[in-house]
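Each chain, letter by letter, is given below.
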Amino acid sequence: MEDFSEQLNFLVEIDKLKSVYRKALVKTDKNRFENSAEHSWHIALMANVLAPYAEQPIDLHRVTLMLLIHDIVEIDAGDTFAFDETAILAQQSGKEEQAAARIFGLLPKTQRDAYIALWEEFESAETSDAKFAKSMDRVLPLIQNMQNDGGSWAQHNVSRQQVINRNKHLEEIAPKLWTFVLAQIEIATQNGWLKVV
């Protein structure tokens, strides 16, 4: 139990993720903003449901853990809108690295090192596990926006090409889901929810 106090400190700290709000809207709750903890739960479950569509071998346990921890850094760094200006997104990367060091640093060394490595793997999205995890992180907002008449896309004048680029990992890791995404983007474009530039 010598590591328990550090683990407990980490578990108490990550409760703060519930107070980090995203641009995604929760249609079923009067269109309030979704928090990052809800988002992490939703994509972790989605990965388990949609895992059969992965056309490369994935370790579902690792994918799920990536999705549960990937946004913890937002406790310190805050959330940025996925389609924000390039300069803002570039600054976010450094903030998130510092946040990862601090927050995962609350854990005992072995867990700290493992969680930081998993977080970095997700961020770089080079392995099959990370590509699938990253895809789930990006497909959920698409599904949410489609269910909400364009949601944050329409509010922020997001372009069709931006959404295509953001979901590109699917083309390799889950081609059937990629086909679904392209069809949804076409519908959103026809409905005027995504602009054509």
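Structural data are supplied above this passage.
My aim in this report is to walk through the structure given alongside it, one point at a time. Quick caveat, the model's predicted, so the values are computed rather than measured. (Residues numbered from 1 in each chain as written. Predicted model: local features only at pLDDT ≥ 70, side-chain atom pairs only at ≥ 80, totals over all residues. Heavy atoms only, no water.)

1. Details of the pattern of salt bridges
When the charged atoms of two side chains lie near each other, side chains of opposite charge can form a pair. Summed over all chains, the structure comprises 14 salt bridges. When the shortest N-O distance is used, the salt bridge between E13 and R102 registers 2.6 Å. Highlighted residues: E13 in helix 1 (residues 4–13) and R102 in helix 5 (residues 86–104), separated in sequence by 89 residues. We note a salt bridge from E172 to K131, for which the minimum N-O separation is 3.0 Å. With a gap of 41 residues between them, E172 in helix 10 (residues 169–173) and K131 in helix 7 (residues 128–147) connect regions that are remote in the sequence. Residues participating in the shared-partner salt-bridge network are E13, K16, D76 and R102. (Salt bridge = Lys/Arg side-chain N within 4 Å of Asp/Glu carboxyl O. Helix = DSSP H or I, 4+ residues; strand = E, 2+ residues; numbered from the N terminus.)

2. Points about helix 7
Taking 1.5 Å of rise per residue, the 20 residues of helix 7 would be expected to cover 28 Å, and the 29 Å separating its terminal C-alpha atoms lies within 8% of that figure. When you tally the buried positions in helix 7, you get 17 out of 20 residues, the bulk of the element. Trailing helix 7 by a residue or two, D149 shows a phi angle of about 50 degrees, which is positive. (Expected span 1.5 Å × (residues − 1). Buried < 20%, exposed > 50% of the residue type's maximum accessible area, 1.4 Å probe, protein only.)

3. Re the pairing of strand 1 (residues 21–26)
Where strand 1 lies against strand 2 (residues 32–35), three bridges are found, and the strand directions are antiparallel. Paired with L25 across the bridge in strand 2 is F33. Linking strand 1 back to strand 2 in an antiparallel pair, the connection comprises five residues, with K30 at a positive phi of about 60 degrees. (Pairing = 2+ DSSP bridges.)

4. Overview of unusual backbone geometry
In this structure, D149 takes a positive phi of about 50 degrees despite not being glycine. Note that D149 resides in the loop between helix 7 and helix 8 (151–155). Look at D149 and you get exposed, because its relative accessible area is 54%.

5. Description of the side chain of N148
In this structure, N148 sits in the loop between helix 7 and helix 8. Those residues in contact with N148 that sit more than four places away from it in its chain are L25, K27 and N31. (Contact = heavy atoms within 4.5 Å.)

6. Looking at the nonpolar core
The biggest cluster of nonpolar side chains holds 50 residues, and the ones touching the most others in it are L67, I72, F104, M136, W153 and V163. Of all the elements in the fold, those that place two or more residues in this core are helix 2 (36–50), helix 3 (60–69), helix 5, helix 6 (109–124), helix 7, helix 9 (160–166), helix 10 and helix 11 (175–190). Of the residues forming this core, the biggest block, eight residues, is contributed by helix 7. In this structure F104 touches F10, I69, I72, A99, R112, Y115, I116 and W119, once residues within four positions along its chain are discounted. (Core = buried A, V, L, I, M, F, W, Y, C linked by side-chain atoms within 4.5 Å.)

7. Observations concerning helix 2
Residues lying three or four places apart along an α-helix face the same way, a consequence of the helix completing one turn every 3.6 residues. The end-to-end C-alpha separation of helix 2 is 21 Å, in line with the 21 Å expected for 15 residues at 1.5 Å each. Along helix 2, the positions that sit buried rather than exposed are S36, H39, S40, I43, A44, M46, A47 and L50. For helix 2, the arc enclosing every buried residue in end-on projection is 165 degrees, short of the 170-degree limit, so these residues lie on one face. In helix 2, those exposed residues whose orientation departs by more than 90 degrees from the buried face are W41 and V49. The N-capping residue of helix 2, defined by a side-chain oxygen 3.0 Å from the backbone nitrogen of A37, is N35. (Arc of directions from axis to C-beta. Polar contact = N/O pair within 3.5 Å; in protein donor to acceptor, adjacent residues only side chain to side chain.)

8. Section: the packing of aromatic side chains
What the rule picks out here adds up to three aromatic pairs. Both rings, one in F10 and one in F104, keep their centres 6.1 Å apart while their planes meet at 35 degrees; by these two values the pair is tilted. Taken as a pair, F10 in helix 1 and F104 in helix 5 lie far apart in primary sequence, 94 residues in all. Side by side, F10 and F104 carry an identical accessibility label, which is buried. For the pair F10 and Y115, a centre-to-centre distance of 6.2 Å together with 85 degrees between the ring planes defines the contact as edge-to-face. Linking F10 in helix 1 with Y115 in helix 6, this pair joins segments that are 105 residues apart in sequence. (Phe/Tyr/Trp six-rings, centres within 6.5 Å; stacked < 30°, edge-to-face > 60°.)

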